[in-house]
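The primary structure of each chain is shown beneath.
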Amino acid sequence: MRQIRQTFAAFVVRDFRYMWGGSLLSVTAFMTSFSLIPSVAYELTGSYTAAGIAMLGSGISQTLLGPIGGVIADRYRKKPLVVAGQAMPGILLGALGTLIVTDHISVPLLVVATLVMGAGFALMGPARQAWTGFIVPRRLLPNAVALQQMSMNTGQVLGPTLIAVFAAFMALEGRNTGILFLVVASFFAFVLPMTASIRTEGPATPVDQRRSMRVELLEGFRYLRGNPRLRHLWFYFSLMVACGWGFQTLLPGILAQEFGRAPTDVGATYMIFGVSSLVINIVLAGAVSGRWAWPLLMIMGLVMAVGFWLVAIAPSYGAFLILGAFIGTGRSGTMLVNQSLMMGNTKPAYFGRVMSFAMMAFGFQALFGPVWGGIADVVGGPQTMALIGVIAAGATAFMFVGWLRTRNLPLEAGTAAASMGRRIGTAVQRPAPASESANGVEGQPAFAAQLAPVALMDPQKVRQ
């Protein structure tokens, strides 16, 4: 019972429950559509590379706009940004479904669709993560971030389940795929009212404290670069996401070429993938605030690497499904623990910008899609899976070395990690001077400090 309370501790906050529910529905829609877009592209062309190119638009927009989305998230109220970011993909998925149903879809149109959806995610993602930091108390922040990640992985279960249900009643190809896109687009009719009912707005930076977009962006980058823990976490997260999501790009071709199945027959694979992700999330959500968070991060990375090696040598479709659970467990666990550690080690004034740099990883994974696809067209899908496993193992070794170098550094004052560290006796940096503003910029000295030079000069005036 105690473990369950720790796992779902942030659910005691009413606004967080509404945010989590809206996130669950929107992520289910995203996961359903993103699972099918590579399959639609492969069905149109029969090429691994085309399946990767279809997701290229998302990579471009998230990579270029992600950091700007972080500055916007720190500068403006969070609620309107999230609502706008959720409305955009809802409209787009409806348009995409209509194009497929009317047989007007093409790979270039898929690229445009993912480009716009990526732009919406670049706007919404950092704002939603930053908003979480203001909705829940600081002590619940790591757990809340873990539960947000759990909503993503629950969506990975519900999305494939929806695909499997549709496939049971109709062949999931051609126009029928478009109908499923229209169904998931309707989810946003529930998502938007749920998000709008959240009472906490998430504060905006006062107008007189705002500076140019470039200055605030560079300040966020310097903050990330100057914190060794955040720097290592960001680099590791970027590599692991780029590797982990290569599975999506390669899956349709592997199903068709290695096991003789339809490229759109991804429902069963994603369902097992999602269930394994959800199980490990329930286990890890209550542990991300403790001493074991960093070791668990690297354990999950190794599990993901081993999973890629195992599916590369899977002798049958059944074995492929079972062994794919290792990738689901490792990828999901790595993302959950990593994002919790990043938010926990970040000052609130930098939530949006730091998380926007982290979410650039989702842009990287889409940009890597054509790379994985091109390699697979040359050497084969299973061989590319094995290569991805090698890269993931190397990234985990790098993270282990980084952890050894930083684990004894004092925690930064003002972060959730520092608040929890004090209770267990971990060293914490001295708080910043009172003259430092919330966004890290030196403010004007206190009134008494301004008067000090005048007071020191008074005796000199008398003597003269």
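Nothing here was measured: the structure is a model prediction, and the numbers come from that model.

Focus on the overall build of the protein
Helix and strand counts for the protein come out as 19 helices and zero strands. Expressed as a percentage of the 464 residues in the protein, the buried residues total 55%. For the protein, the share of sequence-separated contacts (at least 6 apart) that also reach a separation of at least 24 residues comes to 83%. In the form shown here, the protein has an accessible surface area of approximately 18700 Å², with 68% of it arising from carbon and sulfur atoms.

Comments concerning the environment of T415
Position of T415 relative to the elements: it lies in the loop between helix 17 (381-406) and helix 18 (416-423). Separated by 277 residues in the primary sequence, T415 and R138 place their C-alpha atoms 8.1 Å from one another. With near-sequence residues (within four places) excluded, T415 lies in contact with R138, G344, N345, T346 and K347. In this structure the side chain of T415 is engaged in a polar contact, spanning 2.7 Å, whose partner is the backbone oxygen of E412. A polar atom in the side chain of T415 sits 3.2 Å from the backbone nitrogen of A418.

Observations regarding helix 9 (residues 188-196)
For helix 9, the set of buried residues is F188, V191 and T195. One side of helix 9 holds all its buried residues, which, seen down the axis, span an arc of 50 degrees. Opposite the buried face of helix 9, at more than 90 degrees from it, the exposed residues are A189 and F190. The secondary structure elements touched by the buried residues of helix 9 are helix 2 (14-45), helix 5 (78-101), helix 6 (107-135) and helix 8 (175-185).

Notes on the confidence of the model for the protein
Mean pLDDT over the protein: 81, with 88% of residues reaching 70 or higher. Predicted confidence for residues 434-464 stays below pLDDT 50, and this span has 18 contacts to residues more than four positions away or in other chains.

Quick word on empty space enclosed by the protein
With the rule as written, the count across this model stands at five cavities of 30 Å³ or more. Within this model, the largest cavity holds a volume of roughly 210 Å³. As for the largest cavity, its lining consists of 16 residues, and the residues nearest its centre are F30, M31, F34, F121 and M152. Looking at the lining of the largest cavity, the elements that each hand over two or more residues are helix 2, helix 4 (56-75), helix 6 and helix 16 (351-379). Taken together, the residues of the lining of the largest cavity sort by class into 10 nonpolar, five polar and one charged.

A few points about helix 12 (residues 246-259)
Its 14 residues give helix 12 an end-to-end C-alpha distance of 19 Å, which sits within 8% of 20 Å, the value for a rise of 1.5 Å per residue. Every buried residue belonging to helix 12 is among G246, F247, Q248, T249, L250, L251, P252, G253, I254 and L255, and all of these are buried. Backbone geometry just after helix 12 places G260 at a positive phi near 65 degrees.

Quick word on the packing of aromatic side chains
Counted according to the given criterion, the structure contains 12 aromatic pairs. Centre to centre, the rings of F8 and F11 are 5.7 Å apart; their planes meet at 15 degrees, and the pair counts as stacked. The class for F11 is partly exposed, based on a relative accessible area of 21%. Taken together, F8, F11, F16 and W20 form an aromatic cluster joined through their ring pairs. In this structure, R14 packs its charged tip against the face of Y18, placed 4.2 Å from the ring centre. Over the aromatic face of Y317 sits the side chain of R261, whose NZ or CZ is 4.0 Å from the ring centroid.

A closer look at the packing of helix 4 against helix 10 (residues 213-226)
Following both chains from N to C, one finds helix 4 and helix 10 inclined at 100 degrees, their axes separated by 10 Å at the closest point. Relative to helix 10, the element helix 4 is oriented roughly perpendicular. Across the interface between the two elements, P67, I68, V71, I72 and R75 of helix 4 pack against M213, E216 and L217 of helix 10. Split by residue class, the contact of helix 4 with helix 10 holds six nonpolar, no polar and two charged.

Things to note about the packing of helix 10 against helix 11 (residues 228-244)
Between helix 10 and helix 11, the shortest axis-to-axis distance is 5 Å and the interhelical angle comes to 95 degrees. When the axis of helix 10 is compared with that of helix 11, the two are roughly perpendicular. On helix 11, the residues touching Y223, L224, R225 and G226 of helix 10 are P228, L230, R231 and W234. Per-class residue counts for the contact of helix 10 with helix 11 are five nonpolar, one polar and two charged.

Points about the side chain of Q86
Its location among the elements puts Q86 in helix 5. Setting aside chain neighbours within four positions, we find Q86 in contact with S26, M124, F188, V191, L192 and T195.

So, the nonpolar core
Grouped together as the largest cluster of nonpolar side chains are 124 residues, with contacts concentrated most on F16, I37 and V136. Among the elements that take part in this core, helix 2 stands out by supplying 13 residues, more than any other. Those residues in contact with I37 that sit more than four places away from it in its chain are A54, M55, L96, L110, T114, M117 and F181.

Definitions and limits used
- Residues numbered from 1 in each chain as written.
- Predicted model: local features only at pLDDT ≥ 70, side-chain atom pairs only at ≥ 80, totals over all residues.
- Heavy atoms only, no water.
- Helix = DSSP H or I, 4+ residues; strand = E, 2+ residues; numbered from the N terminus.
- Buried < 20%, exposed > 50% of the residue type's maximum accessible area, 1.4 Å probe, protein only.
- Contact = heavy atoms within 4.5 Å.
- Areas by Shrake-Rupley, 256 points an atom, 1.4 Å probe, with all protein chains shown as cover.
- Polar contact = N/O pair within 3.5 Å; in protein donor to acceptor, adjacent residues only side chain to side chain.
- Arc of directions from axis to C-beta.
- pLDDT = per-residue confidence, 0-100.
- 1 Å grid on protein atoms, 1.4 Å probe; cavity = no way out; pocket = protein on both sides within 12 Å on 5 of 7 lines; lining within 4 Å.
- Points joined across faces, edges and corners; volume = space filled by probe spheres on them.
- Nonpolar A, V, L, I, M, F, W, Y, C, P; charged D, E, K, R; others polar.
- Expected span 1.5 Å × (residues − 1).
- Phe/Tyr/Trp six-rings, centres within 6.5 Å; stacked < 30°, edge-to-face > 60°.
- Lys NZ or Arg CZ within 6 Å of the ring centre and 35° of its normal.
- Axes fitted to C-alpha atoms, helices over the stretch in contact; angles between N-to-C directions.
- Parallel < 35°, antiparallel > 145°, perpendicular 65-115°, else oblique.
- Core = buried A, V, L, I, M, F, W, Y, C linked by side-chain atoms within 4.5 Å.

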